[in-house]
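Each chain, letter by letter, is given below.
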Amino acid sequence: TRNPYNQSAQVASLEREIRKKSNELNILGEKLKKTVQNASDLESKLDKAAREKKAMTIEVNKYKTDMQSLEANVERLQDELRKIEAKHRQEMNAMENNLRNETVAKDGKIQSLKCSLQMRSDDVDALVPE
């Protein structure tokens, strides 16, 4: 024979245990929802970071390409400048040589004219009685 009071107490105890476990389960369910939401948020942030990294990588590669192009242009311009400087030096040397040659020729002509003038002066002196 069972004691109805004892059975009633056991049922009440089991009901309290069920409510307690149900509350714990609800709390764990809320924690799980938050954890899933945090994981989803982190996944979104990770996807965004991956897209940003990809975009930055593309931009960095573009800058690298631009830099290589600029470096090639600088080298080309330096080569052109060296050629222009060499041509300018050649032209300057040629002009200096021409001026030197002209100066030597003019100096020779001046000497020749001086000699002619001296001879004429001597001729005039010879004609004029003293």
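Residues numbered from 1 in each chain as written. Predicted model: local features only at pLDDT ≥ 70, side-chain atom pairs only at ≥ 80, totals over all residues. Heavy atoms only, no water.

Attention now moves to the overall build of the protein chain. A tally of helices and strands in the protein chain yields 1 helix and 0 strands. For the C-alpha atoms alone, the extent of the protein chain along its principal axes is close to 185 × 25 × 15 Å. Considering the protein chain as a whole, with its 130 residues, one finds that 0% of them fall into the buried category. Taken together, the 25 basic and 23 acidic charged side chains of the protein chain have centroids lying 18 Å from each other. (Helix = DSSP H or I, 4+ residues; strand = E, 2+ residues; numbered from the N terminus. Buried < 20%, exposed > 50% of the residue type's maximum accessible area, 1.4 Å probe, protein only. Lys, Arg positive; Asp, Glu negative; His and termini not counted. Charge placed at Lys NZ, Arg CZ, Asp CG, Glu CD.)

Positionally, histidine 88 belongs in helix α1 (residues 4-127). In this structure the C-alpha to C-alpha distance between histidine 88 and glutamate 52, which are 36 residues apart in sequence, comes to 53 Å.

Now for the pattern of salt bridges. Pairing between side chains becomes possible if they bear opposite charge and their charged atoms approach one another. Under the criterion given, the structure shown has 7 salt bridges. For arginine 76, the salt bridge goes to glutamate 80, with nearest N and O atoms at 2.8 Å. With arginine 76 and glutamate 80 both in helix α1 and 4 residues apart, this pair spans about one turn of that helix. Looking at glutamate 80, the relative accessible area reads 38%, which means it is partly exposed. Beyond isolated ion pairs, a larger network of salt bridges with shared partners links Glu17, Lys21 and Glu24. (Salt bridge = Lys/Arg side-chain N within 4 Å of Asp/Glu carboxyl O.)

The next point concerns the environment of lysine 64. Inspection of the secondary structure puts lysine 64 in helix α1. Using a relative accessible area of 51% as the deciding quantity, one classes lysine 64 as exposed. Note: C-alpha distance between lysine 64 and arginine 51 (13 residues apart in sequence) is 20 Å.

This part takes up a nonpolar patch on the surface. There is a patch of nonpolar side chains on the surface, built from Val124, Leu127 and Val128 and spanning about 310 Å² of accessible area. Among the secondary structure elements, leucine 127 is positioned in helix α1. (Patch = residues over 30% accessible without salt bridge, like charges linked within 9 Å, V, L, I, M, F, W, Y side chains within 5 Å. Areas by Shrake-Rupley, 256 points an atom, 1.4 Å probe, with all protein chains shown as cover.)

Positionally, lysine 21 belongs in helix α1. With a relative accessible area of 46%, lysine 21 lands in the partly exposed category. With 68 residues separating them in the primary sequence, lysine 21 and arginine 89 have C-alpha atoms 99 Å apart.

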